[in-house]
Amino acid sequence: MVIAATIVAEVGEFSRFASPRKLMAYLGLVPGEHSSGGSIRPRGITKAGNTDMRALLFEAARCYRTTPKVGQFMEKQKTDVPQEAKDIAWKAQLRLNGRYRMLVGRGKKSNVAVTAVARELVGFIWDLARRYEPAPGAAPA
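This section reports on the structure supplied with the text. (Residues numbered from 1 in each chain as written. Predicted model: local features only at pLDDT ≥ 70, side-chain atom pairs only at ≥ 80, totals over all residues. Heavy atoms only, no water.)

## Considerations on the packing of helix α1 (residues 2-11) against helix α3 (residues 51-62)
Thinking step 1. Relative to each other, α1 and α3 sit at 150°, their axes nearing to 10 Å. Classified by the interaxial angle, the pair formed by α1 and α3 is roughly antiparallel. Crossing geometry of α1 relative to α3 is assigned as left-handed. On α3, the residues that touch I3, T6, I7, E10 and V11 of α1 are M53, L56, L57, E59 and A60.
Thinking step 2. Counted by class, the contact of α1 with α3 contains seven nonpolar, one polar and two charged residues. (Axes fitted to C-alpha atoms, helices over the stretch in contact; angles between N-to-C directions. Helix = DSSP H or I, 4+ residues; strand = E, 2+ residues; numbered from the N terminus. Parallel < 35°, antiparallel > 145°, perpendicular 65-115°, else oblique. Left-handed = near helix turned anticlockwise from the far one by under 90°. Contact = heavy atoms within 4.5 Å. Nonpolar A, V, L, I, M, F, W, Y, C, P; charged D, E, K, R; others polar.)

As structure tokens, this is what we get:
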């Protein structure tokens, strides 16, 4: 809950990002590159943007290492959440856990896999925020 609130507070209006890639770039989760002449050498993430936000996203992404499930506490907490949002969240949980396991299974380091999962998590966050964000100027519900 703290991570979600922090992301919303730091990003502000998600509608200002035309695509999830723009949000990922804003958070510094896109691959960098070094170009000279005709050669292009890929680098790690750009690390532009808010370092604290990126750290929180990495912390959230580490949660996808474990088996996907919805515990009793979460079942009680999310009674007023629309079913569509629950379905997207479950889809994200399954996909991100599978992505982490696949990358680690291929021999990637855990931190590299967590970074990839964090990047994909931002895509899901953007999608949910765009669906449920109030219109600009509208009073919050």
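So, next bit.
## Concerning helix α6 (residues 110-132)
Thinking step 1. With 23 residues, α6 should reach 33 Å at 1.5 Å per residue; the first-to-last C-alpha distance of 32 Å fits that figure.
Thinking step 2. Those residues of α6 that fall on the buried side of the exposure criterion are A113, V114, A116, V117, A118, E120, L121, V122, G123, F124, W126 and A129.
Thinking step 3. For α6, the secondary structure elements touched by its buried residues are α2 (20-26), α3 and α5 (83-105). (Expected span 1.5 Å × (residues − 1). Buried < 20%, exposed > 50% of the residue type's maximum accessible area, 1.4 Å probe, protein only.)

## Quick notes on the nonpolar core
Thinking step 1. Within the largest apolar cluster, 32 residues are counted, with the highest numbers of intra-cluster contacts made by L23 and L57.
Thinking step 2. The element contributing the most residues to this core is α6, with 10 residues.
Thinking step 3. Beyond its immediate chain neighbours, meaning those up to four positions away, L57 contacts I7, L27, L29, A118, L121, V122 and I125. (Core = buried A, V, L, I, M, F, W, Y, C linked by side-chain atoms within 4.5 Å.)

## Quick notes on the pattern of salt bridges
Thinking step 1. Inspection of the entire model under this criterion finds four salt bridges.
Thinking step 2. One salt bridge connects R131 with D127, and the closest N-O pair in it is separated by 3.0 Å. Pair noted here: R131 and D127 are both in helix α6, with a separation of four residues, about one helical turn.
Thinking step 3. By relative accessible area, which is 43% here, R131 ends up partly exposed. (Salt bridge = Lys/Arg side-chain N within 4 Å of Asp/Glu carboxyl O.)

## A closer look at the side chain of R54
Thinking step 1. As for its placement among the helices and strands, R54 is situated in helix α3.
Thinking step 2. With no salt bridge to any partner, buried R54 finds its closest opposite charge in D52, at an N-O distance of 8.6 Å.
Thinking step 3. A polar side-chain atom of R54 sits 2.8 Å from the main-chain carbonyl oxygen of L27.
Thinking step 4. A polar atom in the side chain of R54 sits 2.8 Å from the backbone oxygen of A48.
Thinking step 5. Other than its neighbours up to four places away in sequence, R54 contacts L27, G28, L29, I45, K47, A48 and G49. (Lys, Arg positive; Asp, Glu negative; His and termini not counted. Polar contact = N/O pair within 3.5 Å; in protein donor to acceptor, adjacent residues only side chain to side chain.)

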